[in-house]
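Remarks on the overall topology
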Amino acid sequence: MLKKMQANVQGLLTIAVLIVLNLIASAFFLRIDLTKEKRYSLSEVSIQTVDSLQYPMYVTVFLEGDFPPNIREFQDALETNLQELSQYSHGNLNFEFVDPSNNRELLKDFQSKGFDPVPVKVRVNATETKMQLMWPLAVFRYREREQYVDLLRGATLPDNSVDFPQAESDLEYKVVSTMRNLTRERRGIVGLLRGHGEWNNEEVNELGAELANSYNLVDYNQRGKYAGEAISPEISVMLILQPKGAFSERDKYELDQYLMRGGRLLFVLSPEVVDMDMFQKRSTLTDLRDWNLDDLFLKYGFKVNYDLVQDFVNESTDVFIESGSGGTFASQKWPFYPLVRSFPRLPMTRNVEGVLLRYPSSIDTLHRPFISHSVFLTTSPRSRKLDGRQFIDLNEVMQSPPPQSLYNKGPQIVGDVAEGLFTSLFTGRQAPVDSFAPQPPTVMFGQQNNPLAPGAVAIISDGNFVRPRFFRGDYTYMPYDNKALVLNLVDYLAGDEALTRIRSKEVVVRSLDQEKIHDHSSLLRYLNLLLPVVLVVAFGFIRAWWRKRKNERKKIS
């Protein structure tokens, strides 16, 4: 009787200890990451971001429901990521998962913000499946600020399927970059260069509104308020969006010296003038722009060619076809509209699924000492170039399209970033003056970048890249992921190295060797069938032998 009571007490004590240990363990989050690429480890910048939260942040994830295993795995990865971040937030990061499918007002709000549902097939039983809608969204709220995040952005394939390992690898960047954006008190400054006929704020209002969420925007007029002034190093990135007029030598000098002081320049421009209203006018004669920038580009390692790139992989243009009843609109494949869906693995191309180019030109990259190039945007291998001025006749292209055999010049570079230690174009020259800036510069001349302040120049050879889509005489929205790519470029040039490292993080899916599986299929089949049975039988024999031996020892004693 006493032994039985002792055994019961011992059992109760064991249960009590386990409960206490479980309660203690629930207060801590511990995970050992054995993966080579540290797939399950938070970066230092992520920890610092949540550790520095001064006020509560609330995250609502609209990804709750009965989903297939791959989506549930993605859910678990996001929940684990938020849970781990929460451990470093001192209680300031709060999150919940919500099923929005029955909330009509919420779904209307999603659609008004441009978020469409993703259809998902869900298995009901062994023979039946049903279609279910999923909203892979999260909303972050911090004080008076709010930001929506598309959790699958950048992981959708051309056939509308989702690369969930890719989406999982992007989670930390999306979560942490959103947090940093909402909590940033002193924002970077993005300058919009003016004075040479660049796109105005109304013409690029969609991009400007998005940039204003993360940066302070400043109009920098070189022919007005800021004529002849040194560009402030406080400007993180200077955008030059489709200038139409020529730059004076003094204008170039100030851009050059801004770069020498560690500045970042982003040119989005087309060297050929093309009338975009083709659906109505049906033909146009292109012209060449004279920016007076060729020597500047050559000094920095670029050559923007005076040509037009055609791509066999392209988008459509709108065509009005007349008929007896008045006519109708139709879409016609248009080789001057390259559609890019393949990108190199670079920080500025993460979360970008496809971009549309409209009358782009090719870029040549040139070797310069201490300068490295990162080509981030090219047309498809089935491309070609048309040099100089061109007469473009829509009817001719429709009726006699160029044969496929002509698209044989390989990929054409249309987007590149040069980084490093640049040498000034004005080395050995007198500082220029003009009617807008009659006085010599007051800031000391810089011949080359300081190694501690390297410069960067990015270029996209399509001035329409930042414009909305021109649809039957009206402008709509920026096409595809053009906006996402420009925002990535600005973030990259602004120099947030920590976020760049997070953005470059990848999830490696280690698949089984299909050749070995095929060569040893019979062996693997028999092993899967017989090995569990053999193990169970072996365990039974060992257990029976052990019990028999134990009973024999009791009899002897």
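This text gives an overview of the structure that appears in the document. (Residues numbered from 1 in each chain as written. Predicted model: local features only at pLDDT ≥ 70, side-chain atom pairs only at ≥ 80, totals over all residues. Heavy atoms only, no water.)

1. Notes on the overall build of the protein
To keep things clear, this is the line we draw: What counts as a helix is a DSSP run of H or I of at least four residues, what counts as a strand is a run of E of at least two, and both are numbered from the N terminus. Pairs of residues are marked as contacts when any of their non-hydrogen atoms sit within 4.5 Å.
From N to C terminus, the protein includes 14 helices and 26 strands. If you take every contact in the protein between residues at least 6 apart in sequence, the share linking residues at least 24 apart comes to 77%.

2. Focus on the environment of Q132
Here Q132 lies in strand 4 (residues 129–134). With residues up to four places along the chain from it excluded, the contact list for Q132 reads D66, F67, V118, P119, V120 and V122.

3. Looking at the sheet that holds strand 8 (residues 215–221)
Note the following rule: The criterion for strand pairing is that DSSP finds at least two bridges linking the strands in question. To obtain each axis, a line is fitted to C-alpha atoms, and for helices this fit is confined to the stretch in contact; angles are then taken between N-to-C directions over 0 to 180 degrees.
What the seven strands build is an open sheet, ordered 8-7-9-10-24-23-20; its pairing is mixed. Edge positions in the sheet fall to strand 8 and strand 20 (371–378), since each of these pairs with one other strand and no more. On average, each strand axis in the sheet is inclined to that of its neighbour by 20°, with strand direction left out of account. The pairing of strand 10 (residues 264–268) with strand 24 (residues 455–460) spans five bridges and is parallel. By the bridge assignment for strand 24, V268 is matched with I460.

4. Topic: the side chain of N305
Note the cut-off: In the analysis that follows, any N or O atom pair within 3.5 Å is treated as a polar contact, provided that within protein one partner can donate a hydrogen and the other can accept it, and provided that, for residues neighboring in sequence, both atoms belong to side chains.
Looking at the element boundaries, N305 is found in the loop between strand 14 (302–304) and strand 15 (307–311). Side-chain polar atoms of N305 contact the side chain of D364, separated by 3.3 Å. Ignoring sequence-local partners within four residues, the contact set of N305 consists of P271, S361, S362, I363 and D364.

5. Considering the pattern of salt bridges
For the record, the criterion: The salt bridge criterion pairs a side-chain nitrogen of Lys or Arg with a carboxyl oxygen of Asp or Glu, the two atoms within 4 Å.
Enumeration over the complete set of coordinates arrives at nine salt bridges. Three or more residues are tied together by salt bridges with common partners; here these are E249, K252, D295 and R429.

6. Comments concerning the packing of helix 3 (residues 69–87) against helix 5 (residues 164–183)
Put simply, the test is: In this scheme, roughly parallel covers angles under 35 degrees and roughly antiparallel covers those over 145, while 65 to 115 is roughly perpendicular and the rest are oblique. The sense of a crossing depends on the near helix, which, turned anticlockwise from the far helix by less than a right angle, makes the crossing left-handed and, turned clockwise, makes it right-handed. The residue classification treats Ala, Val, Leu, Ile, Met, Phe, Trp, Tyr, Cys and Pro as nonpolar and Asp, Glu, Lys and Arg as charged. All others, Gly included, are polar.
It is at 10 Å that the axes of helix 3 and helix 5 come closest, and there the two elements cross at 30°. One finds that helix 3 runs roughly parallel with respect to helix 5. The chirality of how helix 3 crosses helix 5 is right-handed. From helix 3, N70, I71, F74, A77, L78, N81, L82 and L85 reach across to helix 5, where they touch F164, A167, E168, L171, E172, V175 and M179. Partitioning the contact of helix 3 with helix 5 into residue classes produces 11 nonpolar, two polar and two charged.

7. Describing the packing of aromatic side chains
Note the threshold: Side-chain rings of Phe, Tyr and Trp (the six-membered ring for Trp) are treated as a pair once their centres are within 6.5 Å; stacked means planes under 30 degrees apart, edge-to-face means over 60, and tilted covers the remaining angles. Type-normalised accessible area, obtained with a 1.4 Å probe on protein chains alone, sets the label of each residue: buried when under 20%, exposed when over 50%, and partly exposed for intermediate values. By definition, being over a ring means that NZ of Lys or CZ of Arg is both within 6 Å of the ring centre and within 35 degrees of the ring normal.
All told, the structure shown has 14 aromatic pairs when counted by the stated rule. Between the aromatic rings of W334 and F336, the centroid separation amounts to 5.5 Å while the plane-to-plane angle is 50°, which identifies the pairing as tilted. You'll find W334 and F336 in the same group, each marked buried. Through a chain of ring-to-ring contacts, three or more aromatic side chains come together here, namely F62, F110, F115 and Y148. Lying over the aromatic face of Y55, R143 brings its terminal NZ or CZ to 4.1 Å of the ring centre. Stacked on the ring of W199, the Lys or Arg R467 has its end atom at 4.2 Å from the ring centre.

8. Some points on a negative patch on the surface
Applied cut-off: Each patch is built from residues lacking any salt bridge and having more than 30% relative accessible area; the joining distance is 9 Å for like charges and 5 Å for nonpolar side chains (Val, Leu, Ile, Met, Phe, Trp, Tyr). Accessible surface is estimated by sampling points in the Shrake-Rupley manner with a 1.4 Å probe; for residues, cover comes only from the protein chains shown. Under this rule, positive means Lys or Arg and negative means Asp or Glu; His and the chain ends count for nothing. Think of each charge as sitting on NZ of Lys, CZ of Arg, CG of Asp or CD of Glu.
A cluster of acidic residues, E64, E73, D76, E79 and D99, forms a negative patch on the protein surface. The residue D76 is located in helix 3 in this model.

9. Observations concerning the packing of helix 2 (residues 44–51) against helix 5
The geometry of helix 2 relative to helix 5 is characterised by a closest axis approach of 10 Å and an angle of 40° between their N-to-C directions. Judged by the inter-axis angle, helix 2 sits oblique to helix 5. The way helix 2 lies across helix 5 gives a crossing that is left-handed. Along the contact surface, helix 2 presents V45, S46, T49 and V50, while helix 5 presents E172, V176, M179 and R180. Grouping the constituent residues of the contact of helix 2 with helix 5 by class yields four nonpolar, two polar and two charged.

10. Observations concerning the pairing of strand 24
Burial analysis of strand 24 places six of its six residues in the buried class, which makes it a mostly covered element. On strand 24, burial covers both faces: G455, V457 and I459 on one face and A456, A458 and I460 on the other are all buried. Pairing of strand 23 (residues 413–420) with strand 24, which is carried by six bridges, proceeds in the antiparallel orientation. By the bridge assignment, E419 is partnered in strand 24 with A456.

11. Structural notes on helix 4 (residues 104–112)
For the record, the criterion: The arc refers to the directions leading from the helix axis to the C-beta atoms.
Residues L106, L107 and F110 constitute the buried set of helix 4. Down the axis, helix 4 shows its buried residues gathered within 100° of arc, on one side only. Exposed residues lying more than 90 degrees from the buried face of helix 4 are R104, E105, K108 and S112. Of the surrounding elements, those touching the buried residues of helix 4 are strand 5 (137–142) and strand 6 (145–150). Two residues or fewer after helix 4 comes G114, characterised by a positive phi angle close to 90°.

12. Let's talk about the nonpolar core
Quick reminder of the rule: Only buried Ala, Val, Leu, Ile, Met, Phe, Trp, Tyr and Cys residues count toward a nonpolar core, and they belong to the same one when joined by side-chain atoms within 4.5 Å.
Ranked by size, the top nonpolar core spans 36 residues in total, and within it L239, L266, F376, L377, F465 and V490 carry the most contacts. When contributions to this core are tallied by element, the ones reaching two or more residues are strand 7 (188–194), helix 6 (205–211), strand 9 (235–241), strand 10, strand 20, strand 23, strand 24 and helix 11 (482–494). Apart from the residues lying within four places of it in its own chain, the contact partners of L377 are V340, F343, V355, L357, Q412, I413, V414, G415, I460, F465 and L485.

13. A short note on unusual backbone geometry
Apart from glycine, the bulk of residues carry a negative phi angle, and the bulk of peptide bonds sit in the trans form. Positive phi is not limited to glycine here, since H90 has a value of about 55°. With respect to the secondary-structure elements, H90 resides in the loop between helix 3 and strand 2 (93–97). On the accessibility criterion, H90 (61% relative accessible area) is exposed.

14. Some points on the pairing of strand 6
Summarising the sheet, strand 5 and strand 6 pair through six bridges and their orientation is antiparallel. Bridging across to strand 6, V139 finds its partner in Y148. The antiparallel pairing of strand 5 with strand 6 creates a hairpin that spans two residues between the two strands, and R143 there sits at a positive phi of about 55°.

15. Considering a nonpolar patch on the surface
A surface patch of nonpolar side chains, amounting to about 370 Å² of accessible area, comprises L523, L527, L531 and L535. Structurally, L523 is set in helix 14 (residues 521–556).

16. Regarding the side chain of D434
By secondary structure assignment, the location of D434 is in the loop between strand 23 and strand 24. No salt bridge is formed by the buried D434. Its closest oppositely charged neighbour is R223, at 5.6 Å. At 2.9 Å, the side chain of D434 and the side chain of S248 are in polar contact. A distance of 2.9 Å separates a polar atom in the side chain of D434 from the backbone nitrogen of F436. In this structure, D434 is in contact with S248 and R250, ignoring residues within four places of it in sequence.

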